[in-house]
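Breakdown of the fold
The primary structure of each chain is shown beneath.
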Amino acid sequence: MKIMVAIKRVVDYAVKIRVKPDKTGVVTQNVKMSMNPFCEIALEEALRIREAGLASEVVAVSMGPSQCVDTLRTGLAMGADRGIHVEVGDSLYPLSVAKILKKLVEIEKPGLLILGKQAIDDDCNQAGQMVAGLLNWPQGTFASKVVLDKEKQVATVDREVDDGIETISLNLPAVITTDLRLNQPRYATLPNIMKAKKKPIKKFTPEELSVEIKPDLEIVEVTEPPKRKSGVIVSSVDELIDKLKHEANVI
């Protein structure tokens, strides 16, 4: 079985985000970029499935500008067998990502498609659900545990919901999106980083995949959240209750 994993290049989680002066987005020039943390978890899970003998190949896919190749190389250094880069200059929204993934799935024919549940830049949490809908595949979102039965071609997924843990069974092929508690991603070692330079990365354009990239969303304005007011120290419970009643208006 082949596993396809979608990975996204985003502003590093440790970087302090700055809004552009014209409020059209956030500053990304000269800013450290890295693989989306949820995508790292998705790739790690795919690698563990392959190492358990339940898959033969892991293919990492990334979409965006030419710099996405660096993110793919990181995925290859972690252990992916090969990469696919769909070069897109414009901003990509979840529906466009889902349409591209659908075309790549039709070409590669994987038995499992794994994505991070969301990207930390837009927090949309939509691409996995959309591509499952386009493919008409079963989906297991927010996965905190994945168990594959190769003989029955079934994946059992524990997913975190408001009421606790929900366990579902999916017939393969299927789409799975990963949550934080699924695993701890490995670090790429220096020997593997060197080996990754020789692993193949195939390139596509949306035109070659017959996918029209058009914005289905319009960003009106990006602003920083309001600054939190500094806290105050109260001397008694009565003073706290008074402030909650007459200043915060919460009781």
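I will try to describe carefully the structure that is included in this document. Model, not experiment: these values are computed from the prediction.

Calculation criteria
- Residues numbered from 1 in each chain as written.
- Predicted model: local features only at pLDDT ≥ 70, side-chain atom pairs only at ≥ 80, totals over all residues.
- Heavy atoms only, no water.
- Patch = residues over 30% accessible without salt bridge, like charges linked within 9 Å, V, L, I, M, F, W, Y side chains within 5 Å.
- Areas by Shrake-Rupley, 256 points an atom, 1.4 Å probe, with all protein chains shown as cover.
- Salt bridge = Lys/Arg side-chain N within 4 Å of Asp/Glu carboxyl O.
- Helix = DSSP H or I, 4+ residues; strand = E, 2+ residues; numbered from the N terminus.
- Pairing = 2+ DSSP bridges.
- Axes fitted to C-alpha atoms, helices over the stretch in contact; angles between N-to-C directions.
- Contact = heavy atoms within 4.5 Å.
- Buried < 20%, exposed > 50% of the residue type's maximum accessible area, 1.4 Å probe, protein only.

**With respect to a nonpolar patch on the surface**
- A surface patch of nonpolar side chains, amounting to about 520 Å² of accessible area, comprises Val237, Leu240, Ile241, Leu244, Val250 and Ile251.
- Looking at where Leu240 falls in the secondary structure, it is placed in helix 6 (residues 237-246).

**Things to note about the sheet that holds strand 4 (residues 57-64)**
- Pairing in this open sheet of nine strands is mixed, and the strands run 9-8-7-10-6-1-4-5-11 from one edge to the other. One side of each edge strand has no neighbouring strand; the edge strands of this open sheet are strand 9 (164-171) and strand 11 (201-204). Each neighbouring strand pair of the sheet contributes to a mean axis angle of 30 degrees, computed without reference to strand direction.
- By the bridge criterion, six bridges tie strand 4 to strand 5 (residues 82-87) in an arrangement that is parallel. Residue pairing in the sheet places Val59 in a bridge with Arg82 of strand 5.
- Helix 1 (residues 37-51) contacts strand 1 (2-6), strand 4, strand 6 (112-116), strand 7 (139-149) and strand 10 (174-178) of the sheet and is inclined by roughly 150 degrees relative to strand 6.

**Here we look at the pattern of salt bridges**
- If you walk through the whole model with that rule in mind, you get 14 salt bridges.
- Among the ionic pairs, Lys2 bridges to Glu108, the shortest N-O distance being 2.9 Å. Of this pair, Lys2 sits in strand 1 while Glu108 sits in helix 3 (residues 94-108); the two residues are 106 residues apart in sequence, bridging distant segments of the chain. Glu108 carries the same exposure label as Lys2, and that label is buried.
- A salt bridge links Glu108 to Arg82, with the shortest nitrogen-to-oxygen separation between them at 2.6 Å. Here Glu108 is found in helix 3, whereas its partner Arg82 is found in strand 5, with 26 residues between them in sequence.
- In this structure Arg82 comes out as buried when scored by relative accessible area, which is 18%.
- What you see here is one network of salt bridges that share partners, running through Lys2, Glu57, Arg82 and Glu108.

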